[in-house]
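Next come the chains, spelled out residue by residue.
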Amino acid sequence: MRKILIPALLVAAALYATGAVALDSGGTPVVVTPLASRTATASGQPITLPQKNVQVLVSTYDIAPGATLPVHRHPFPRYAYVEAGTLKVTNVETGNSNTYKTGDFIIEMIGQWHQATNIGDGPVKLLVIDQVEEGAKNTELRQ
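A few points on the structure.

1. Quick notes on the packing of aromatic side chains
Turning to step 1, where the next piece is worked out: The tally for this structure, following the rule as stated, stands at 1 aromatic pair.
Turning to step 2, where the next piece is worked out: Considering the side-chain rings of Tyr79 and Phe105, the 6.3 Å spacing of their centres and the 15 degrees angle between planes classify their relative orientation as stacked. Here Tyr79, found in strand β5 (residues 78–84), pairs with Phe105, found in strand β8 (residues 105–107); they are 26 residues apart in sequence, far enough to count as distant.
Turning to step 3, where the next piece is worked out: Residue Tyr79 is classed as buried on the basis of its relative accessible area, which comes to 14%.
Turning to step 4, where the next piece is worked out: A cation over a ring is seen here: Arg142 above Trp113, with NZ or CZ 6.0 Å from the ring centre.

Quick look at the structure:
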């Protein structure tokens, strides 16, 4: 029994470490596809988390073709997965822009003024995850 258990554990550990394929409790393959691994925001800042009472907020955004979000900034980390469409995000402080398309993962800049425009023919659909201090908002509009 012990001779069978050790190789089985080694195979399971190898599958878990690669993240490519794992098994559910019934032995059916589950495919895990890594989407992103980063330590910095889109503008190169280190990612820093709120220091107390962290609250995770999850939302979806649907941005119509040609729509431009107002100039804004985020005091806390914000992550977005582009489910559909093409989005151009411009840092209005530096003029630098990044374009994101379906399947991209965005780690938004923290505390820097920026805006986003749907530059594609169809709607942009985003899954957005914020990490804030409990009860805080993560979007400030420029006055």
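2. Side note on the side chain of Glu108
Turning to step 1, where the next piece is worked out: Along the chain, the position of Glu108 falls in the loop between β8 and β9 (114–118).
Turning to step 2, where the next piece is worked out: Although Glu108 is buried, it makes no salt bridge; Arg78 carries the closest opposite charge, 4.5 Å away.
Turning to step 3, where the next piece is worked out: Within polar-contact distance, the side chain of Glu108 engages the side chain of His74 at 2.9 Å.
Turning to step 4, where the next piece is worked out: When residues no more than four places from it in sequence are discounted, the contact partners of Glu108 are Thr41, Ala42, His72, His74, Arg78 and His114.

3. Section: the environment of Pro75
Turning to step 1, where the next piece is worked out: With respect to the secondary-structure elements, Pro75 resides in the loop between β4 (72–73) and β5.
Turning to step 2, where the next piece is worked out: Judged by its relative accessible area of 32%, Pro75 falls in the partly exposed class.
Turning to step 3, where the next piece is worked out: C-alpha of Pro75 to C-alpha of Met109: the two residues are 34 residues apart in sequence and 9.1 Å apart in space.
Turning to step 4, where the next piece is worked out: Excluding its chain neighbours within four sequence positions, the residues that come into contact with Pro75 are Ile110, Lys137, Asn138, Thr139 and Glu140.

4. Focus: the pattern of salt bridges
Turning to step 1, where the next piece is worked out: On inspection of all chains with the given rule, the structure shows 4 salt bridges.
Turning to step 2, where the next piece is worked out: A salt bridge links Lys125 to Asp62; the nearest nitrogen and oxygen atoms lie 2.9 Å apart. In this pair, Lys125 sits in strand β10 (residues 124–133) while Asp62 sits in strand β3 (residues 54–63), placing the two residues 63 residues apart along the sequence.
Turning to step 3, where the next piece is worked out: By relative accessible area, which is 34% here, Lys125 ends up partly exposed.
Turning to step 4, where the next piece is worked out: For Asp62, a relative accessible area of 54% corresponds to the exposed category.
Turning to step 5, where the next piece is worked out: As a salt-bridge pair, Asp130 and Arg78 come within 2.6 Å of each other at their nearest N and O atoms. Taken together, the residues Asp130 in strand β10 and Arg78 in strand β5 connect sequence positions 52 residues apart. Each of the two residues, Asp130 as well as Arg78, counts as buried.

Scoring rules and cut-offs
Residues numbered from 1 in each chain as written. Predicted model: local features only at pLDDT ≥ 70, side-chain atom pairs only at ≥ 80, totals over all residues. Heavy atoms only, no water. Phe/Tyr/Trp six-rings, centres within 6.5 Å; stacked < 30°, edge-to-face > 60°. Helix = DSSP H or I, 4+ residues; strand = E, 2+ residues; numbered from the N terminus. Buried < 20%, exposed > 50% of the residue type's maximum accessible area, 1.4 Å probe, protein only. Lys NZ or Arg CZ within 6 Å of the ring centre and 35° of its normal. Lys, Arg positive; Asp, Glu negative; His and termini not counted. Salt bridge = Lys/Arg side-chain N within 4 Å of Asp/Glu carboxyl O. Polar contact = N/O pair within 3.5 Å; in protein donor to acceptor, adjacent residues only side chain to side chain. Contact = heavy atoms within 4.5 Å.

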